[in-house]
Amino acid sequence: MDESATVNSARGEPPTAEARPGQEPVRSKTSTVGKVFDPESVRGDFPPLSREVRPGVPLTYLDNAATALKPRVVLEALAAYTGEYPANVHRGLHALSERATEAFEDARVTVSRFLGAGEVEEIIFTRGTTESINVVAQAWGRANLKPGDEILVSVLEHHSNLVPWQMIARETGATLVFADVLEDGTLDVASVGRLLASGRVKMLPVTGMSNVTGATPPVAELARMAHAHGALILVDAAQSLPHGPCDVRALGVDFLAFSGHKVCGPTGVGVLYGRRPLLEAMPPLFGGGSMVLRVGRTDADWNDIPWKFEAGTPPIAEAIGLAAALEYLAPLDWPAIHRHEQALAERAHRVLGELPGIQIVGPEPARKGGIVSFTSVGVHPHDLSQLSDREGVAIRAGHHCAMPLHERFGLSATARASVLFYNTVEEIDRLGHAIGSAQRVFGIKATH
Amino acid sequence: MDDALYREEILDHYRSSAYRGHLTAPDLVAELDNPLCGDHIRMELAVGPDGTIDQVRFDGHGCALSQAGASMLAEHVEGQSLSTARGVTPEAMLDLLGVRLTPTRVKCWMLAWRAMQQAILKAVTSAASPAETTPNGDGATSLP
């Protein structure tokens, strides 16, 4: 494990390597050394896990990178708002509205704690990671980018952290420059350094975890590098946050984006975190109600943050549901979960490795999160996925909104299995069995 | 929907189709991608002077449904008239498979059909404009 903090190791995880030079080792609040996380302790909270996909076929849900299952408390929180106090927020003075406003703003506090943000006002509710990134690209970008400026990305990025930057670059005359992705599917940090040295980079949008290779770029180190060269850093935490709370201040990031539905919350809500000075300097992107203090016929005064960036009625139910999800996740034994997910990834590598002609796209388990993308000789990922579904195994196939990454590896599509804390060793074995079955349908047999 | 989808017939069309290959002098050609997943199909048709499709070949890469679909469509239209081929509806194409597909996989199966229709349409539009004559007298001039 390298010495630089990845998004999730910055908070509370006992280091497995030496402490960074000049720093005391961080001790986790709960003594968890060696403690094993038992997914059975949480599976009962997720209704779909006890259901059959079709008669006699249990669900083996391994598509968590696409979206996570929701625990019962999230369903209850959504039902409570929608059924008991479905009032609009901020503008009402009656009892229902006050209750809704309190729940909504409490949700904001919950998010700020999960991220380790310094101030609640630095948390903006959006529709998701994609919208959050677009807000920064457009609102920050239009005010700050000019011809000659550079945006430093890589092909490791999901389309949602690439296309918005393509668009703003075209609009402002800024240029996209690309760091390298190594053969093992990790970001080449040295190439980031070389590109930063030009002094022209203004923004480094980077993923906290690749949704294809599972690689976890060293965010704290990249933040230091970016700042040393006058650039800001935005972290796409869509894949990394489901694997544990983070600490945006310890990481030193300027912006961070994530989606509610991937952290076991509802769809339709996400978060943009931004440091206060940046958000205050940025003009709003969406205009309308709530983001104004005063409106005349031809102009308006903006509201303070965060509401400056929350035009119109926000996703109230969804934000309350997201808070319930984060409150469910926060007290879990994250260091033990990291070890558990690590073990699942190792087992996935092993069971897939026992099958003929499987190529995994990404580094070995120790250097990534719980995402395993792969190809098989003789069977297209679509067919792997379709046939796995027969055995109740849910995986995803295609380019996973990462076409440049697939092009980098000469592939048109991969199959992808992705775990979360509630997955089990048995489910990984079912994955191996399903892929083997799919291969046999196409006449590909194991040689041993 | 289970064994009917990956039945032997489909696998044979996928793995060892008699229609995979290229024509030396195709009259109608179209190439399409399924951008969702990288399926790729190229359809080539040789058309006789009376508008009969003498030969069909396909090439490409991708999932079993995209490739088998191309093969089964080629088998279906070879020897037919261009107008019959043009008249193959999406429903008829799906009937060749005979299994209900999810929307995502419908796109895989229909890729070859779209390519073929595009190839035929190119011939129709060039026939419709009097300034363009097809030098080797292919069937493009004789559609009703």
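Quick note: structure is the one above.
Each chain has its residues counted from 1, following the order in which its sequence is written. Each chain is given a letter, starting from A, and each ligand a number, starting from 1, according to the order in which they appear as written. Local features are withheld for residues below a pLDDT of 70 in this predicted model, meaning they are given only at 70 or higher, and side-chain atom pairs are given and counted only at 80 or more; totals for whole chains, interfaces and linings count all residues. The side-chain numbers reported here are obtained from all heavy atoms of the structure, hydrogens and water having been left aside.

Caption draft 1: Up close: the environment of Ser198(A). All names here are of chain A. Strands are runs of DSSP state E lasting at least 2 residues, helices are runs of H or I lasting at least 4, and numbering of each runs from the N terminus. Locating Ser198 in the fold gives a position in the loop between α6 (189–196) and β7 (201–207). Type-normalised accessible area, obtained with a 1.4 Å probe on protein chains alone, sets the label of each residue: buried when under 20%, exposed when over 50%, and partly exposed for intermediate values. Exposure remark for Ser198: the relative accessible area of 31% places this residue in the partly exposed category. It is 8.5 Å that separates the C-alpha atoms of Ser198 and His229, two residues lying 31 residues apart in sequence. For the purposes of these results, a polar contact is taken to be a pair of N or O atoms within 3.5 Å, where, inside protein, one atom must be able to donate a hydrogen and its partner to accept one; residues adjacent in sequence count only when each atom of the pair is a side-chain atom. Looking at Ser198, its side chain comes within polar contact range of the side chain of Glu150, at 3.2 Å.

Caption draft 2: Structural context of the state of the cysteines. All names here are of chain B. Here, two cysteine sulfur atoms that lie within 2.5 Å of each other are counted as a disulfide. Evaluated as defined, the whole model comprises 0 disulfides over all chains. Take Cys108: it sits in no disulfide, and the sulfur closest to it among the cysteines is that of Cys63, at 3.7 Å. Residue class for Cys108 comes out buried when judged on its relative accessible area of 0%.

Caption draft 3: Inspection of the pattern of salt bridges at higher detail. Residue and element names in this part refer to chain A. When a carboxyl oxygen of Asp or Glu is within 4 Å of a side-chain nitrogen of Lys or Arg, the pair counts as a salt bridge. The tally for this structure, following the rule as stated, stands at 31 salt bridges over all chains. Note that Arg54 is salt-bridged to Asp389, the shortest N-O span being 2.9 Å. Note that Arg54 is positioned in strand β1 (residues 52–54) and Asp389 in helix α12 (residues 381–390), a separation of 335 residues in sequence. We classify Asp389 as partly exposed; its relative accessible area is 32%. Asp180 is the partner of Arg194 in a salt bridge, and the nearest nitrogen-oxygen pair spans 3.9 Å. Within this pair, whereas Arg194 is found in helix α6, its partner Asp180 is found in the loop between β6 (175–179) and α6, the two being separated by 14 residues in sequence.

Caption draft 4: Layout of the interface of chain B and chain A. In what follows, residue pairs with any heavy atoms lying within 4.5 Å of each other are defined as contacts. Contacts between the two partners involve 19 residues from chain B and, on the opposite side, 15 residues from chain A. For the pair chain B and chain A, the two sides together bury roughly 1300 Å², of which 53% comes from carbon and sulfur. Connecting chain B to chain A are 1 salt bridge. The salt bridge partner of Arg105(B) is Asp383(A), with a shortest N-O separation of 3.1 Å. For the pair chain B and chain A, the number of links is 5 residue pairs in polar contact (both at pLDDT 80 or more). With 3 residues, helix α1 (residues 8–15) of chain B is the single largest residue contributor to the side of chain B that touches chain A. The quantity reported as buried area is the accessible area (1.4 Å probe) lost by two parts once they are put together, taken as the sum for both.

Caption draft 5: Structural detail: helix α2 (residues 72–84) of chain A. Residues and elements named next belong to chain A. Between its terminal C-alpha atoms α2 stretches 17 Å, which fits the 18 Å expected from 13 residues at 1.5 Å a residue. Looking at α2, one finds that the buried residues are Val74, Ala77, Ala80 and Tyr81. Here the buried residues of α2 occupy an arc of 125 degrees about the axis, which is enough to place them on one side. Residues of α2 that are exposed and point over 90 degrees away from its buried face: Thr82 and Gly83. Looking at the buried side of α2, the elements it contacts are α3 (95–115) and α10 (316–329). Helices are assigned an expected span. That span is 1.5 Å times one less than the residue count. To be clear, the arc concerns the directions from the helix axis to the C-beta atoms.

Caption draft 6: Spotlight on the sheet that holds strand β3 (residues 53–61) of chain B. All names here are of chain B. Read from one edge of the open sheet, 3 strands run β1-β2-β3, paired in antiparallel fashion. Only two strands of the sheet have a single neighbouring strand rather than two, namely β1 (28–34) and β3. For this sheet, the mean inter-axis angle between neighbouring strands, taken without regard to orientation, is 15 degrees. Where strand β2 (residues 39–47) and β3 come together, 8 bridges link them in antiparallel fashion. Looking at the pairing, Val47 lines up with Ile53 of β3. For helices, the fitted line uses only the C-alpha atoms of the stretch in contact; every axis is such a line through C-alpha atoms, and the angle between N-to-C directions lies from 0 to 180 degrees. Set on the sheet, helix α2 (residues 64–77) makes contact with β2 and β3; between it and β3 the angle comes to about 175 degrees. Think of it this way: DSSP has to see at least two bridges between two strands before they count as a pair.

Caption draft 7: Looking closely at the packing of aromatic side chains. All names here are of chain A. Only centres within 6.5 Å qualify two rings of Phe, Tyr or Trp (six-membered ring in Trp) as a pair; their planes then separate them into stacked at under 30 degrees, edge-to-face at over 60, and tilted for everything else. What the rule picks out here adds up to 10 aromatic pairs over all chains. For the ring pair Trp334 and Phe421, a centre distance of 6.2 Å and an interplane angle of 85 degrees mean the geometry is edge-to-face. Note that Trp334 is positioned in helix α11 (residues 334–353) and Phe421 in the loop between β17 (414–418) and α14 (425–441), a separation of 87 residues in sequence. Cluster of aromatic residues (ring-pair linked, three or more members): Phe37, Phe46, Tyr328, Trp334, Phe421 and Tyr422. Charge over a ring is defined by NZ of Lys or CZ of Arg lying within 6 Å of the ring centre and within 35 degrees of the ring normal. Arg408 extends its terminal NZ or CZ atom over the ring of Phe409, reaching a point 4.9 Å from the ring centre.

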